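Now for the letters of each chain:
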Amino acid sequence: MKVGIAGFPRSGKTTVFNALTGQHAEVGGFTEPGKVHLGVIKVPDPRVDRLSGIFNPRKTTYAEIIFADFPAPHSTGADGQGGSALDTVTLTQMRETDALVQVVRGFADEVTGESPNPVRDLTNFKSELLLADLVLIEKRLDRLKKETGKEYERALLERCKQALDEERPLRQLPLTTEEVAAIAGFGFLSRRPLMVVLNVGESQVHDPMPAAVEDWLRAEALEGLLLSGKIEMEIAGLEPEDRQAFLDDLGLQAAARDRFVTAAYRLLDQISFLTTGEDEVRAWTIRRGTTAVKAAGKIHSDIERGFIRAEVVHYEDFVRHGSEAKCREAGKFRLEGKEYLVQDGDIIHFRFNV
Ligand SMILES: Nc1nc2c(ncn2[C@@H]2O[C@H](COP(=O)(O)OP(=O)(O)OP(=O)(O)O)[C@@H](O)[C@H]2O)c(=O)[nH]1
Ligand SMILES: [Mg+2]
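**Thoughts on the overall build of the chain**
Logical step 1: When helices and strands are tallied, the chain shows 14 helices and twelve strands.
Logical step 2: Taking 354 residues into account, the globule formula puts the C-alpha radius of gyration at 20 Å, and the chain, at 22 Å, falls close to it.
Logical step 3: Structurally, the chain occupies a C-alpha span of about 65 × 65 × 35 Å along its principal axes.
Logical step 4: By the burial criterion, 48% of the 354 residues in the chain qualify as buried.
Logical step 5: Considering only intrachain contacts with a sequence separation of at least 6, the fraction spanning at least 24 residues in the chain is 67%.
Logical step 6: With the model as given, the accessible surface of the chain reaches about 17600 Å², and the carbon-plus-sulfur share is 50%.
Logical step 7: Computing the positive centroid from 46 side-chain charges and the negative centroid from 56, the chain places the two 6 Å apart.

The structure is reproduced here in structure tokens:
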């Protein structure tokens, strides 16, 4: 899963990125346009630990989240004056993600002295995503005028356009699996699952989400997480044994990183399926609602192409019964076809033929 960290200039994107990945990318220097920081984290998963204990494989691989920290252009943006905060390079890079996290500035900017205005930034960011999608759709519709026999696509794009005209992100538009596939190539940004991080000053980490932000999120059916990127970055930089004392000092339960990963999984609609064997025990991340054949494609395109069936046993059943043979006896071992919707915690063996 590749998660893009986006938002307006100086909202703390790079700071949050460092906090999550433990990297030391420069902050406060205005990240250069076009420069994307990439970082990978392993997703803690007790199921993988347990299965690894049972199978004793040569290799144990946790699911990974790749974070991409996007720069924002220098001179424009969160001023509400219509300046675009997302240039075309950034937009193209953002289309290559599975999900987006918007970092919203909740602290006063020390350099510009500007006080925070999260609702304004949320509203403007949303408009930017809608506009970026609208531009793509209009271009395509224009081209379709000259073509015949593309009624299906035209009608679908008209529906998308209408939603955008009504200021509804495409993620709110109910689409069939077929329709989703038909528009997948556009990489529409307002269809990406979105999570909001309100990045607050050090003194506000104990405050609840401000009511105005809460209302905005509810109206958009989005969830948000409040944290202080600056503090979290310091925590990430400490030796593990020093972290707890630091957290205790601040009266915090745990580093936001773990909360973030759990919330990101849930909010961004990600689940994991597992593969087991003597070679490797591994967790794979997919979006909820992914079919077995597409999940197979995560592992290898050959497995997707030559898919015969999926042999599935759920993790809970597996640990309850202790082995695949016992699961078979108990009728917990299933043969599923291409269209089976993979569930979180499914242990899968794919049968395929190439
Ligand atoms: N007080 C406070 N300052 C923060 C916090 N997070 C970030 N900052 C400061 O805000 C400034 C910008 O932070 P960055 O992380 O570089 O912001 P950015 O969004 O990556 O900026 P660009 O890449 O230039 O768009 C820096 O001076 C940070 O130290 C925070 O939680 N509290
Ligand atoms: Mg930055």
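There is more to say, and it comes next.
**Details of the domain arrangement of the chain**
Logical step 1: Here the chain is described as being made up of domain 1 (2–267) and domain 2 (289–352).
Logical step 2: Across the boundary between the two partners, domain 1 contributes six residues, which contact six residues of domain 2.
Logical step 3: Of the roughly 580 Å² buried between domain 1 and domain 2, counting both surfaces, carbon and sulfur atoms make up 67%.
Logical step 4: Area buried by domain 1 at its contact with domain 2 is led by R47, R50 and L51, which between them contribute 71% of it.
Logical step 5: Counting every contact that joins domain 1 to domain 2 gives one salt bridge.

**Here's the deal with the pairing of strand β1 (residues 2–7)**
Here is the key point about a regular strand: its side chains alternate between the two faces of the sheet.
Logical step 1: With five of its six residues buried, β1 lies for the most part within the structure.
Logical step 2: Note: β1 against strand β4 (residues 64–69), four bridges, orientation parallel. Within the sheet, the bridge partner assigned to G4 lies in β4 and is A68.
Logical step 3: The pairing of β1 with strand β5 (residues 99–106) spans five bridges and is parallel. Bridged to I5 within β5 is V101.

**A look at the confidence of the model for the chain**
Logical step 1: Looking at the chain, the pLDDT average stands at 90 and 95% of residues meet or exceed 70.
Logical step 2: This model gives residues 74–83 a pLDDT under 50, and the stretch forms 17 contacts once residues within four places in sequence are excluded.

**What about unusual backbone geometry?**
Logical step 1: Although it is not a glycine, N56 adopts a positive phi angle of roughly 50°.
Logical step 2: Overall, N56 belongs to the exposed group, its relative accessible area being 64%.
Logical step 3: Its identity as a non-glycine residue notwithstanding, A221 has a phi of 55°, on the positive side.
Logical step 4: Within the secondary structure layout, A221 lies in the loop between α7 (211–219) and β7 (224–227).

**Notes on the pairing of strand β10 (residues 307–314)**
Logical step 1: Relative to strand β12 (residues 346–352), β10 runs antiparallel, the two sharing seven bridges. When the bridges of β12 are listed, V312 appears paired with I348.
Logical step 2: Bridge analysis of β10 against strand β11 (residues 334–336) gives three bridges, and the strand direction is antiparallel. Looking at the pairing, V312 lines up with R334 of β11.

**What to know about the environment of S228**
Logical step 1: For S228, the position within the fold is in the loop between β7 and α8 (229–237).
Logical step 2: Not counting residues within four places of it along the chain, the set of residues in contact with S228 comprises N199, V200, G201, E202 and V205.
Logical step 3: Within polar-contact distance, the side chain of S228 engages the backbone oxygen of V200 at 3.1 Å.

Scoring rules and cut-offs
Residues numbered from 1 in each chain as written. Chains lettered and ligands numbered in written order. Predicted model: local features only at pLDDT ≥ 70, side-chain atom pairs only at ≥ 80, totals over all residues. Heavy atoms only, no water. Helix = DSSP H or I, 4+ residues; strand = E, 2+ residues; numbered from the N terminus. Rg over C-alpha atoms; globule rule 2.2 N^0.38 Å. Buried < 20%, exposed > 50% of the residue type's maximum accessible area, 1.4 Å probe, protein only. Contact = heavy atoms within 4.5 Å. Areas by Shrake-Rupley, 256 points an atom, 1.4 Å probe, with all protein chains shown as cover. Lys, Arg positive; Asp, Glu negative; His and termini not counted. Charge placed at Lys NZ, Arg CZ, Asp CG, Glu CD. Domains from an automatic or database assignment. Buried area = accessible area lost by both parts, 1.4 Å probe. Salt bridge = Lys/Arg side-chain N within 4 Å of Asp/Glu carboxyl O. Pairing = 2+ DSSP bridges. pLDDT = per-residue confidence, 0-100. Polar contact = N/O pair within 3.5 Å; in protein donor to acceptor, adjacent residues only side chain to side chain.

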